[in-house]
Amino acid sequence: MKYFLGSICFVMLLSCSPAATPSSSRSTPAPASATEPAGNMEEDILKYINDYRRSKGLGGLQMIDAASQQAAQHSRNMASGRTAFSHDGFEQRIANIKKAMGADYMAAAAENVALGQLSAREVVNGWLKSAGHKKNIEGNYNLTGVGVARNSKGVMYYTQIFLRRN
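Along every chain, residues carry numbers that run from 1 in the direction the sequence is written. Confidence filtering applies because this is a predicted model: local features only for residues at pLDDT of at least 70, side-chain atom pairs given and counted only at 80 or more, and all residues used for totals across whole chains, interfaces and linings. Side-chain metrics rest on all non-hydrogen atoms present in the structure, leaving aside hydrogens and water.

- Looking up the chain in an unreviewed UniProt entry gives the name CAP domain-containing protein, with the organism given as Sediminibacterium roseum.

### Let's talk about the nonpolar core
Phase 1 of the analysis: Buried residues of nine kinds, namely Ala, Val, Leu, Ile, Met, Phe, Trp, Tyr and Cys, make up a nonpolar core once their side-chain atoms join them within 4.5 Å. The rule is simple: take the accessible area with a 1.4 Å probe, protein chains only, and divide by the maximum for that residue type; under 20% is buried, over 50% is exposed, in between is partly exposed. In this structure, Ile-45, Trp-127 and Tyr-158 are the most contacted members of the largest nonpolar core, which totals 22 residues.
Phase 2 of the analysis: The secondary structure listing takes helices from DSSP runs of H or I that are at least 4 residues long and strands from runs of E that are at least 2 residues long, numbered from the N terminus. At the level of elements, helix H2 (41–55), strand E3 (106–116), helix H5 (120–128), strand E4 (143–150) and strand E5 (156–165) are the ones that each hand at least two residues to this core.
Phase 3 of the analysis: In terms of nonpolar packing, the next biggest core, distinct from the first, is built from 12 residues, Ile-64, Met-106, Ile-161 and Leu-163 among them.

### Topic: H2
Phase 1 of the analysis: A rise of 1.5 Å per residue sets the reference length of H2, with its 15 residues, at 21 Å; its end C-alpha atoms lie 21 Å apart and thus fit the reference within 8%.
Phase 2 of the analysis: Buried within H2 are the following residues: Met-41, Glu-42, Ile-45, Leu-46, Ile-49, Asn-50, Tyr-52 and Arg-53. Down the axis of H2, the sector holding all buried residues measures 165 degrees, keeping them to one side. Across H2 from its buried face, at more than 90 degrees, point the exposed residues Glu-43, Arg-54 and Ser-55. Expected helix span is computed as 1.5 Å times (number of residues minus one). Note: the arc covers the axis-to-C-beta directions of the helix.

### As for the pattern of salt bridges
Phase 1 of the analysis: A pair is scored as a salt bridge if a Lys or Arg side-chain nitrogen falls within 4 Å of a carboxyl oxygen belonging to Asp or Glu. Scanning the model with the defined rule gives two salt bridges in all.
Phase 2 of the analysis: The residue Asp-51 makes a salt bridge to Lys-47 at a minimum N-O spacing of 2.6 Å. With Asp-51 and Lys-47 both in helix H2 and four residues apart, the pair spans about one turn of that helix.
Phase 3 of the analysis: For Lys-47, a relative accessible area of 42% gives the class partly exposed.

Here it is, written out as structure tokens:
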């Protein structure tokens, strides 16, 4: 429990606000051996996020492949140590999604990250206890992507990208 609370306190500072102009840096893929699949965790996170949004009278988010691919890559990069536990490269992830979906496709973007040996429900509950993360969850978004990766010690890294279609 101590590890969970420490992670959530740290994570509170890592909620990324709406995207600015994309940077030109490019993420390098993590080696395949650095992570292992997380199963249905991504779908479970989306379910809990959408359940919460609907309880607040908000529309559900639709998962899109381009955002999920970027979220998964970021989680793999954090899990492998290639990227720090942070939002480093957020603007490039958004630029990559825009490129895949069409430059005029998105009006806004944000991101939540977390780490720890947590269930999908614990991740979402932790985000909801953090003002910045909760703001993203309740934000004017209609699309999302979720990615989860596990490092060699079993610690999970979670990324959720929020998008609003034009």
